[in-house]
Amino acid sequence: MERTLFFLVTLPISSGALLLLFRAQRARMRFAQLVLLAGLVFSLFVFFRRPNELVVNLIGSYNLYLGINRLSGVILLFVNLFGFLVCLYSRDYSLLKNKGIYFSLLLWLIAFSNLACLAADFIIFIFAWGALLTLLYAFLNLNTAGNNPDSLKSRPSDSANKALVVVGFGDFSLLLGICLYVYTIGTTQMPGVASVMLNNPLNWCSFLLMLCGAFAKAGCGPLHTWIPAAAETAPGPVMAILPASLDKLLGIYLLARICVDFFVLNDSAMAILLLIGASTIMFAVIMALIQHDLRKLLSFHAISQVGYMVLGFGTGVPIGIAGGLFHMVNHALYKSGLFLTGASIGEKKGTFDLEKLGGLATYMPVTFFTGLVFALSISGVPPFNGFASKWLLYQATLIGMFTTENRFLALVFLIALVAAMFGSALTLASFIKFIHAIFLGQEERPSEKKKPEEVSAPMRTAVVVLAGLCIVLGVVPNLFLREFIEPWMSQRVFFLGTWNSAVSFVLIFTGLLLGLLYWASGKDKKVRQDDLFIGGEEPVFGPNFPATEFYRTIEDLPLMKRLYLFLKSESLDLFNLLGRLLRSLAYLLYIFVDRMLNLLTYLCGYLVLGFSWAFRKAHTGVLDFYLVWVLCGLLLVIFFLFRSY
Amino acid sequence: MKPMLFNVFFPIGGAFLLLLFPRKIKPALSVAIIGATFLFSLWSASSVYANRGMILATSYLTDWFSFSFFADTLAVFMAGVSSFVALLIAVYSLDYMKHYSDNGSFYFWMVLFIGSMMGLIYSANLLLLFCFWEVTSVCSWRLIGFYRHDKDIQAADKAFLVTFFGASIMLIGIILIYLKFDSLELVFLKGSNLPNMISLLLLAGVVSKSAQLPLQSWLPDAGVAPTPVTALLHAAVLVKIGVYVFARIFGLTFITSAWFLNSAIIVASLSILVAAGSALLENNMKRILAYSTISQLGYILLAFAINNEDAFKIGMIYILAHSLGKAGLFLCMGIVEQKSGTKDINDLGGLARTMPYTAAAYLLCAFSIIGLPPFLGFWPKFMVVLLAVNSGHLFAGSAAVVGALFTLFYLARLFNKVFLGPLQINAAEDRRSVMVWAVVALGILSLLLGLYFKLPFALVANL
């Protein structure tokens, strides 16, 4: 039975290599899909049966352990689910240029993600973790098709490079953090119960370095900068599988292990996490508000939502940790759905510019419906899943605020609560723009002869499944919490409020149904068109008010203008900061050590030449010279012999 | 006759035999000789792994000098890695060197170098080891100055003089060992306590040969040599002599003080940082890779200086990973240099379009050198950091991680400047060439051995 663990890794790796030998594209896709389906079945088996650990000796006393716990089982299940759905979607996605290698990369990605979930020791974990970076780099280098004009703005290699450096920094930080942690606990096996207190600089270093690894992978500030850059160039399904789902699942999985299994958090650590979470929520959502590129808008929201998860762990209370984990799953569902929706729009319209889109609800009803579900979910509107997890997080910050005796921490809790709620409102504002600009209103060039039509059935199926899961998890959040989250936390999560999701769903659904019936009855179908009247002002726009225009006013507000100028300047971009820092250090080392030593080498050479020159001058072959030397020598001998007298 | 003797004397004899053959068949013949050397290495290795121990061949001449050779796991591992990489580089040279008229002497020195390298690896007498050490220096001297321009000769002289300086100090150490222990046979000296003074004298030789601080400056200048020479001598094989001798003397033979080992760890840590920082600022692609070699050798020295059994094995795996990866990188740059005619990365760009295979091979090798999984380079790099920290050397572990970050930066910069961006020089395509297949093989091997990591770990399991 332990072999199943092994299969979850080796099967996709070997199948990915085998795929490269296939010539027919269709056979390649089907084979990949079959393997991923098998992976999903295996992961279900592993989740329910939980086989024993597999142990392999690496060297000396260092062993490799493959195993499963309650949390990694959940992550494993969702990793394989996303792998399968994205593969299903990618079959017909035409903007992908290198489909040959794409499916192999996808299989390898799932294999190493599985390995990261199954790793029960730090060595195999960091191995899988780093391999995911290599695959991220490969994925981001994949070209989208040339018929997409937006993709030409920046090169895939630039964003891949940025991801390599930023996530690479996170990975090397994690590596050092792990080594320091292993030094403290004396074993490479991952602990199941936290025992390390944050009471000395070494443990603090280890904690912060490990956090860097988790943050870089999950895309939390300040290690988030690779995500917007990647969104501009990477194909939609790649964004859906990596920054939107797998990276979030794994990054937050690591964060959960750090905060619950590895370290006992104190007030300072909690405050750090809360402040990072709150600032990530606010900063990213403010940036998202002004984006006109669909992919960049989604990418900033992918960052903003991580803030909620980090905030959940920062509360340090069970309900917050459960909320963070629940939000991780929810986010992976709706954000990958949103990226796939974006990819469908790019596929059909050839652009991701919100100003050039509009009115697609008529032509792409399924995409519209699923897009709406995802948008409402991410905005935290009941009864969708986003609300359920945010509800837990709000409660956690309140509990934290009222239970802590540390006044500063209570203030931080309050800041976090305000940021979380305000961020949620801004997310809704941003997604109203998303829905309006893409699906409602009228498109900029309605005169196009060929009207867009709905994407293919497999692509639709993938997003419908994701949207369905968003609704299901929103309606029955308790069931998910009981079955998936609580077993790992080994304690129950109680809702403090009186929110009953199922009843609310029925009420909301009934309301919607009644509204629909009223609309269908035809009483409201007569529409009167009139001239625009804006308080007596001359209307700047025509009847088709572009959704993006409204948000321009935010950008022009006096204080916001400065803030946006600062944020856009990227002066806090870790990629640039790190580059400058390492370059400065390199200059110091190069000039003051390397060049100096080189100079010293040459000086030694010149010294030898100087001696040689002096001796050459002393040996001219003239007898008088030698006589002088003999006399000098004689004087020296006399001096040494008689100096004591 | 024991296989290791074939392993040593076949290439040495072959090198002189090469002189008798016409120029046209010299390249193919030298590849055959190096190929046979590799097979002899495998034969030696199979004998050692089968017997799980040491095989000796001794012919005593005096009490301080003898023709004694032995083969243990470290020796056969080193011989196998060196001769395998040498074989691939020799195959690469078939294409690379065909444009040069005087390639006869090139092959002579190269094969002689392989022979003396094998001799050094299997030597069981310190003075014999020193003799082979100096023969490799002479080979390196002639090969660096192969083009015989003024700057080539200057660089060759610098390399020779610096390494000779280190070797001379090491010779004093060897003499002091004889005076103290009355023997230079490694087998008899095993387990003896070595005073710090002698250890430091021997370390000078190691530092000069493996281009560690403060005697590192010869290696970046040696980049003027033909690419196969740089790849073979100054990346894959020759520079490993220093760390190999460190492992042989301080790891397997003598017992040294913690103070001395800490000094070696400081030297290694500083070399990692200084060389990696310097690599980030250079614009000559061969100098970048040379600095990278110094930095990576620092990791190997660090592993051996930690001086426990696990670290020792990790050092051996590092030698394998670095030899494959760095040889691949140098050979990739050789292709670029030959097709474009420049080494300055500011004059290059966009070559991934005309040289996709070279670019892909570069990436595979670079990832291995950076230490990214699933490539082979990850395993030793991570384990070195882990073992350094676990043995209490927190500074060394941190320096190793910062060095790895530098490596990521400078190798990514090199790739971006040479292969990405707008096409600067219209270099020829790289398809269907022996050179390209050699670098692709090195890259793929780095990947496969990283995935099937059990193999390298199994090879070093029994010391």
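Residues numbered from 1 in each chain as written. Chains lettered and ligands numbered in written order. Predicted model: local features only at pLDDT ≥ 70, side-chain atom pairs only at ≥ 80, totals over all residues.

> Could you clarify how one ought to interpret the overall build of chain A in this entry?
Within chain A one finds 22 helices and four strands. The C-alpha extent of chain A, read off along each of the three principal axes, is 130 × 65 × 60 Å. The contacts of chain A with a sequence gap of at least 6 include a subset with a gap of at least 24, amounting to 82%. (Helix = DSSP H or I, 4+ residues; strand = E, 2+ residues; numbered from the N terminus. Contact = placed C-beta atoms within 7 Å.)

> How should I be thinking about the overall build of chain B in this particular structure?
When helices and strands are tallied, chain B shows 19 helices and two strands. Taken over the C-alpha trace, chain B has a radius of gyration of 21 Å; the compact-globule value for 463 residues is 23 Å, and the two agree within 12%. In terms of overall dimensions, chain B has a C-alpha envelope of 65 × 55 × 45 Å along the principal axes. Counting across all 463 residues of chain B, residues that qualify as buried make up 65%. Sequence separation of at least 24 residues holds for 81% of the intrachain contacts in chain B that already meet a minimum separation of 6. (Rg over C-alpha atoms; globule rule 2.2 N^0.38 Å. Buried ≥ 20, exposed ≤ 12 C-beta atoms within 10 Å, placed from the backbone.)

> What should I look at first to understand the packing of helix H3 (residues 73–96) of chain B against helix H10 (residues 227–236) of chain B in this one?
When two helices pack together, their arrangement is captured by the angle between the axes and the distance separating the axes. Residue and element names in this part refer to chain B. At a minimum axis separation of 9 Å, H3 and H10 run at an interaxial angle of 165 degrees. The orientation of H3 with respect to H10, classified from their angle, is roughly antiparallel. In this structure, H3 crosses over H10, and the sense of that crossing is right-handed. Two secondary-structure elements touch here, H3 through Val-85, Ala-86, Ile-89, Tyr-92, Ser-93 and Tyr-96 and H10 through Thr-227, Pro-228, Ala-231, Leu-232 and Ala-236. Residue composition of the contact of H3 with H10, grouped by class: nine nonpolar, two polar and no charged. (Axes fitted to C-alpha atoms, helices over the stretch in contact; angles between N-to-C directions. Parallel < 35°, antiparallel > 145°, perpendicular 65-115°, else oblique. Left-handed = near helix turned anticlockwise from the far one by under 90°. Nonpolar A, V, L, I, M, F, W, Y, C, P; charged D, E, K, R; others polar.)

> How should I be thinking about the domain arrangement of chain B in this particular structure?
When the parts of a complex come together, some accessible area is lost, and that lost area is often used as the size of the interface. Residue and element names in this part refer to chain B. Domain boundaries assigned for chain B yield domain 1 (1–256) and domain 2 (261–463). Just the C-alpha atoms count here: the centres of domain 1 and domain 2 sit 22 Å apart. Contacts between domain 1 and domain 2 engage 38 residues on the former and 47 residues on the latter. If you list the elements that add at least two residues to the side of domain 1 that touches domain 2, you get H3, helix H8 (196–209), helix H9 (218–221), H10 and helix H11 (240–253). Sort the elements by how many residues they give to the side of domain 1 that touches domain 2 and H3 lands first, with 13 residues. (Domains from an automatic or database assignment.)

> When you look at the pairing of strand S1 (residues 54–59) of chain A in this model, what are you seeing that I'm missing?
If a strand is regular, its side chains alternate between the two faces of the sheet. Residue and element names in this part refer to chain A. Note: S1 against strand S2 (residues 62–66), five bridges, orientation antiparallel. Considered in S2, the bridge of Ile-59 is made with Tyr-62. In this structure, the hairpin formed by S1 and S2 is closed by a connection of two residues, where Gly-60 is found at a positive phi of approximately 50 degrees. (Pairing = 2+ DSSP bridges.)

> I'm lost on the domain arrangement of chain A in this one. Help?
On domain assignment, one finds that chain A holds domain 1 (3–513) and domain 2 (592–642). Here domain 1 of chain A and domain 2 of chain A have C-alpha centroids that lie 74 Å from each other.

> Sorry, what's going on with helix H20 (residues 558–568) of chain A here?
An α-helix turns once per 3.6 residues; consequently, residues spaced three or four apart project the same way. Burial within H20(A) is sparse, with just zero of its 11 residues counted as buried. Downstream of H20(A) by one or two residues, A:Glu570 has phi in the positive range, about 60 degrees.

> Can you walk me through the packing of helix H12 (residues 318–349) of chain A against helix H14 (residues 385–403) of chain A in this structure?
Residues and elements named next belong to chain A. It is the contact of H12 with H14, at a shortest axis distance of 8 Å, that shows an interaxial angle of 155 degrees. It follows that H12 is roughly antiparallel to H14 by the angle criterion. The way H12 lies across H14 gives a crossing that is left-handed. Across the interface between the two elements, Ile-319, Gly-320, Ala-322, Gly-323, Phe-326, His-327, Asn-330, Leu-333 and Tyr-334 from H12 touch Asn-385, Gly-386, Ala-388, Ser-389, Lys-390, Leu-392, Leu-393, Gln-395, Ala-396, Ile-399 and Gly-400 from H14. Residue classes in the contact of H12 with H14 are distributed as 10 nonpolar, nine polar and one charged.

> Can you help me understand H11(B) in this one?
Compared with an ideal rise of 1.5 Å per residue, which puts 14 residues at 20 Å, H11(B) spans 18 Å between its outermost C-alpha atoms and is within 8% of the ideal. By the criterion of burial, H11(B) is predominantly enclosed, with 13 of the 14 residues buried. (Expected span 1.5 Å × (residues − 1).)

> How do you make sense of the nonpolar core when you look at a structure like this?
General note: in soluble globular proteins, nonpolar side chains tend to be found buried as a group. Within the largest apolar cluster, 413 residues are counted, with the highest numbers of intra-cluster contacts made by A:Ala128, B:Ile144, B:Leu302, B:Val384, B:Val385 and B:Ala400. Top contributing element to this core by residue count: helix H9 (residues 236–262) of chain A, with 18 residues. For B:Leu302, the contacting residues outside a window of four places in its chain are B:Ile265, B:Ala268, B:Ser269, B:Val384, B:Ala388, B:Ala396 and B:Ala400. (Core = buried A, V, L, I, M, F, W, Y, C linked by C-beta atoms within 7 Å.)

> So what exactly am I meant to see when it comes to unusual backbone geometry here?
Residue and element names in this part refer to chain B. Cis geometry is adopted by the peptide bond preceding Pro-214, which originates at Leu-213 and carries an omega value of 5 degrees. Of note, Pro-214 is situated in the loop between H8 and H9. Pro-373 connects to Pro-374 through a cis peptide bond whose omega is 0 degrees. As for its position among the elements, Pro-374 is in the loop between helix H15 (356–370) and helix H16 (378–390). Despite not being glycine, Arg-148 has its phi angle at roughly 60 degrees, a positive value. A tally of 9 C-beta atoms within 10 Å means that Arg-148 is categorised as exposed. With a phi angle near 60 degrees, Asp-182 is a residue other than glycine that sits in the positive phi range. Its place among the elements puts Asp-182 in the loop between helix H6 (150–181) and helix H7 (186–189). Owing to 11 C-beta atoms within 10 Å, Asp-182 belongs among the exposed residues under this scheme.

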